[in-house]
Amino acid sequence: MTDLTEDHSRGVHDTELELVAAHLASLDHDGQRFADVLRATLDQLLDGRRNGRYEYQKLHKTEKTHMGTLVEINLHREFEFDDGDVTDYRIGGVEVDCKFSQRIGGWEMGPEMVGHLCLVVTASDQNSSWRAGLVRATEMHLRSVQNRDAKRRLNEAGVAAIRWLWPEHGKLAQNLLLHLDPETCKRIMDAKGRNQRHGQARIFQLFREVQVQGIILRRTIIETVGHGLDDPMKRARGNGGARDALRPDGILVLGHQDNDPLVARALGLPVPKKGELVAARVTPAPAIPDKRPAAEVNGTYWVVARSEDEPIAAPVIPRKRAEGNL
C-alpha cells in the first residue's frame, strides 16, 4: 500500500491509482464490459423471468443491500481479478476494494479501508446511467462522522478526488418497461391469453405496443414480460411464437440470425445482436418511392408502415440455412 501523507491526499500524483486505472483500461477500452456487468447484475437482482419484476425501487430492502455484493462478485468474475489480502481485489498488483451505491457519495468505507484504493461504482436503472471511479480512502477524503459499524463516507474533497473511469460512456442499457408510459405497460403486463397462456399473450402484446417505435428488445425484457414460461424467447420467434402470430397484422419480428439483420438494416431499424429482437409493422413500398428505406424480400420491396397504411400481412423472411439468401 502506498505511503500517503496529507500533501499526497491533496493532489500529489498517486502512482498506484494511475496504474490501476491503466490496467482497467487495458481490460475494457471503452467501458462496455463494465456497463454490461452492471446491466446484468440489475437484471439478476430483479429476477424478472421468475416474478415479472422490473422496478428496482420495489425490491425489498435486503435485496437492495445485496446489490453491492453482486456487483463485487460479478466484476470479479468478468475481469478475473486476483483476490486481495485486505480488499476485494488485487488489480495490477494493487489492493482495491469495490464499493457500490445507488448515488454518488453514498459509498461506505470501513476502518480497514483507510489508506487503500476503492473502486467506487454507481448505477441508476431509472436514469439508464452508471459511473465508476477510483479514489483513495485517506483521512483527508473521509467524513469524521461514523455509522454504527464505524464506516464513513467520502467528504466533498473525497468525491472531488475521484478519478472517473470511461467518462465518455456512462450509458446503461435501458430497462424498457421502466420507460414506457404507465398505460402501455399496463396493457402489456395485464394481457390475457386463452387456456391460461397469459405469458405468451403478454409477449405478443409487447411486440404490438413497440412495433411503431423500432425499439430493440433485450432478452431480459422478453423474459420479464413472459415470466412463468419455461422458454419465453421461444414464444417470441417462429413455430407458433410472435413471429408467426403477428405476421397477419403486418408485424415483422426480427432477430440476430439468418437474413433478419439484413432486413432490419435495409428498413432503417436498429440491428439486433444475439439475444435481442426488434419489431416493426411493414407494408409494400409505394409505386412512387418515398424517403422510407426499403428491404427486398422474395422479390417485393417493403417499408416500415405509417399509421395511415392499411394493415397487410408481413412477408416470410427466408432462413439462410433452409432457403438460401434473400
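Residues numbered from 1 in each chain as written. Predicted model: local features only at pLDDT ≥ 70, side-chain atom pairs only at ≥ 80, totals over all residues. Heavy atoms only, no water.

1. Looking at the overall build of the protein
Along the protein, the regular secondary structure elements total 13 helices and 13 strands. Taken over the C-alpha atoms alone, the protein extends approximately 75 × 40 × 35 Å along its principal axes. Burial status across the protein gives 50% buried among its 326 residues. Considering only residue pairs separated by 6 or more positions, the protein has 57% of its internal contacts joining residues 24 or more positions apart. Working note: accessible area of the protein is about 16900 Å², and carbon and sulfur atoms make up 47% of it. Placing the 46 positive and 47 negative side-chain charges of the protein at their respective mean positions leaves the two points 7 Å apart. (Helix = DSSP H or I, 4+ residues; strand = E, 2+ residues; numbered from the N terminus. Buried < 20%, exposed > 50% of the residue type's maximum accessible area, 1.4 Å probe, protein only. Contact = heavy atoms within 4.5 Å. Areas by Shrake-Rupley, 256 points an atom, 1.4 Å probe, with all protein chains shown as cover. Lys, Arg positive; Asp, Glu negative; His and termini not counted. Charge placed at Lys NZ, Arg CZ, Asp CG, Glu CD.)

2. Some thoughts on the sheet that holds strand S6 (residues 129-136)
The six strands are arranged S1-S2-S3-S5-S6-S8 in an open sheet whose pairing can be described as mixed. Lying at the two open borders of the sheet, with one neighbouring strand each, are strand S1 (82-83) and strand S8 (163-165). The strands that helix H2 (residues 15-27) touches are strand S2 (89-91), strand S3 (94-101), strand S5 (117-124), S6 and S8; relative to S6, the one it contacts most, it runs at about 145°. Taken strand by strand, helix H3 (residues 32-46) contacts S5 and S6, and its axis lies near 60° from that of S5. (Pairing = 2+ DSSP bridges. Axes fitted to C-alpha atoms, helices over the stretch in contact; angles between N-to-C directions.)

3. Details of the packing of H3 against helix H5 (residues 61-79)
Two measures define how a pair of helices packs: the angle their axes make with one another and the distance between the axes. Two numbers describe how H3 lies on H5: the axes approach to 9 Å, and their chain directions differ by 140°. Between H3 and H5, the angle falls in the class oblique. By crossing handedness, the relation of H3 to H5 is classed as right-handed. For the pair formed by H3 and H5, the contact residues are Arg33, Phe34, Val37, Leu38, Thr41, Leu42, Gln44 and Leu45 on the first element and Glu63, His66, Met67, Leu70, Val71, Asn74, Leu75, Glu78 and Phe79 on the second. Considering only residue class, the contact of H3 with H5 consists of 10 nonpolar, four polar and three charged. (Parallel < 35°, antiparallel > 145°, perpendicular 65-115°, else oblique. Left-handed = near helix turned anticlockwise from the far one by under 90°. Nonpolar A, V, L, I, M, F, W, Y, C, P; charged D, E, K, R; others polar.)

4. Remarks on the packing of aromatic side chains
Considering all chains together, one arrives at six aromatic pairs under this definition. Their ring planes at 50° and their centres at 6.1 Å tell us that Trp130 and Trp166 sit as a pair that is tilted. Here Trp130, found in strand S6, pairs with Trp166, found in the loop between S8 and helix H7 (176-179); they are 36 residues apart in sequence, far enough to count as distant. Like Trp130, the residue Trp166 is buried in the burial classification. By way of ring pairs, the aromatic residues Phe34, Phe79, Phe81, Tyr89, Trp130 and Trp166 are connected into one cluster. The ring of Trp164 carries Arg131 above its face, with NZ or CZ at 3.9 Å from the centroid. (Phe/Tyr/Trp six-rings, centres within 6.5 Å; stacked < 30°, edge-to-face > 60°. Lys NZ or Arg CZ within 6 Å of the ring centre and 35° of its normal.)

5. Some remarks on the confidence of the model for the protein
Looking at the protein as a whole, its pLDDT mean stands at 91, while 94% of the residues score no less than 70. Low pLDDT (under 50) marks residues 321-326, which in the prediction has 12 contacts with non-local residues, meaning those over four places away or in another chain. (pLDDT = per-residue confidence, 0-100.)

6. Observations regarding the pairing of strand S11 (residues 276-284)
A large share of S11 lies buried, amounting to eight of its nine residues. Note: strand S10 (residues 251-254) against S11, four bridges, orientation antiparallel. Paired with Val253 across the two strands is Ala279, which belongs to S11. Here S11 runs beside strand S13 (residues 300-304); their pairing, made up of three bridges, is antiparallel. Of the residues in S13, the one forming a bridge with Val282 is Val304.

7. Overview of the layout of surface pockets
Taken as a whole, the largest pocket holds about 720 Å³ of empty space. What lines the largest pocket is a set of 22 residues, among which Lys64, Thr65, Phe100, Ser101 and Gly106 lie closest to the centre. Of all elements in the fold, only H5 and S3 reach the threshold of two or more residues within the lining of the largest pocket. Ranked by the residues each element gives to the lining of the largest pocket, the list is headed by H5, at seven residues. Looking at side-chain class alone, the lining of the largest pocket contains five nonpolar, seven polar and 10 charged residues. Its boundaries defined by the atoms lining it, the second largest pocket holds a volume of some 470 Å³. Lining the second largest pocket we find 23 residues, and of these Arg237, Gly238, Arg243, Asp258 and Arg319 sit closest to its centre. Going through the elements one at a time, helix H11 (242-245), S11 and helix H13 (320-323) are the ones with two or more residues in the lining of the second largest pocket. Of the residues in the lining of the second largest pocket, the class split is five nonpolar, six polar and 12 charged. (1 Å grid on protein atoms, 1.4 Å probe; cavity = no way out; pocket = protein on both sides within 12 Å on 5 of 7 lines; lining within 4 Å. Points joined across faces, edges and corners; volume = space filled by probe spheres on them.)

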